[in-house]
Amino acid sequence: MLKLLLGRSGSGKTTKLREMVRDALHRSPESPVFLIVPEQASFENERAMLELLGAEDAQKVHVLSFSRLADEGFRRYGGGAGKRLDDGGRILFMNLALSAVQDQLEFYRASAAGGELASLLLDVSAELKMCEVSPEKLGKTAGRLPQGALSRKLREVSLILSAYDALVARSFLDPLDDLTRVLPLLREHRFFQDAFVAVDSFAAFTVQEYQILRVILEQSRETVVSLCTDSLHDEDDGTGLFSLVKDTARRLRALARESGVPVAVPEVLAPGKRVHT
């Protein structure tokens, strides 16, 4: 079941969610309990769980960011062994990829030898990975466009990124691919089976993260997601302060329904004085 916990900033969503984690742990001590938060909030939430539950019970709550979730999946089921690519390696391999395909380029041939293009393409590569758009998919999209500058540029970007990925794959693992690589492991091994999963402090998710959330919804007993808004209706048609968060709520509810998961009535916390946690 998916449940959304809604409320404006300072309404006590995080405190309420932590209490729900505590109650889930006490209600079903043998079932796994997860708290998924942004990377920068991991330590704070581990400390909060320790203060709320005590040392013994706090160890039973898995406080994870999405990247730490991938690390945990690889630790349990394998797939994480290998040299990890860093920023220096990315620049090196992108420059090698540009050199390898330079003769096949038209728009980017003149700038292929410069470092600025390599940095720009690395940003593009990172964005595409988060959206689960492969170079091959990008090339197919280019092929469906009318002949012109845009289609040729996309084909060249697809060519460069394909060469880059092939060079990296020979001897390195790219951390940007971790969520994509761990996804089938989490699904196959039923990582979240019968779990209570709380997700806190996110305004939006990447495509990779939505795929992980789909697995969570399919396998967990209950998933609760807190969002910083006090309603689901977007009266601003995508232009308001809370429009992004409301779109996230819409996507999560649609994802649950697509997966055959019941969606509970959202719980809306009343505005009040900021709760210090």
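Note that the structure is a prediction, hence the values are computed from the model and not measured.

Help me understand helix α6 (residues 135-144) in this model?
In an α-helix there are 3.6 residues to a turn, and that puts residues three or four apart on one side. Among the residues making up α6, those that are buried are Pro 135, Leu 138 and Ala 142. Mapping the buried residues of α6 onto a view down its axis gives an arc of 60 degrees, with all of them on the same face. Opposite its buried face, α6 presents the exposed residues Lys 140, Gly 143 and Arg 144, each directed more than 90 degrees away. In the core, the buried residues of α6 are packed alongside α5 (115-130) and α7 (149-169).

What should I look at first to understand unusual backbone geometry in this one?
Look at Glu 132: it is not a glycine, yet its phi comes out positive at around 55 degrees. Mapped onto the elements, Glu 132 comes out in the loop between α5 and α6. On the accessibility criterion, Glu 132 (27% relative accessible area) is partly exposed.

Would you mind showing me how to read the packing of helix α8 (residues 178-188) against helix α9 (residues 207-219) here?
Helix packing geometry: the angle between the two helix axes and the distance between the axes. One can describe the packing of α8 onto α9 by two numbers: an axis separation of 10 Å at closest approach and a directional angle of 10 degrees. What the angle tells us is that α8 and α9 run roughly parallel. Across from Leu 179, Thr 180, Val 182, Leu 183, Leu 186 and Arg 187 in α8, the residues of α9 making contact are Gln 208, Glu 209, Gln 211, Ile 212, Arg 214, Val 215, Glu 218 and Gln 219. Considered class by class, the residues forming the contact of α8 with α9 number six nonpolar, four polar and four charged.

Each value, and the rule that gives it
- Residues numbered from 1 in each chain as written.
- Predicted model: local features only at pLDDT ≥ 70, side-chain atom pairs only at ≥ 80, totals over all residues.
- Heavy atoms only, no water.
- Buried < 20%, exposed > 50% of the residue type's maximum accessible area, 1.4 Å probe, protein only.
- Helix = DSSP H or I, 4+ residues; strand = E, 2+ residues; numbered from the N terminus.
- Arc of directions from axis to C-beta.
- Contact = heavy atoms within 4.5 Å.
- Axes fitted to C-alpha atoms, helices over the stretch in contact; angles between N-to-C directions.
- Parallel < 35°, antiparallel > 145°, perpendicular 65-115°, else oblique.
- Nonpolar A, V, L, I, M, F, W, Y, C, P; charged D, E, K, R; others polar.

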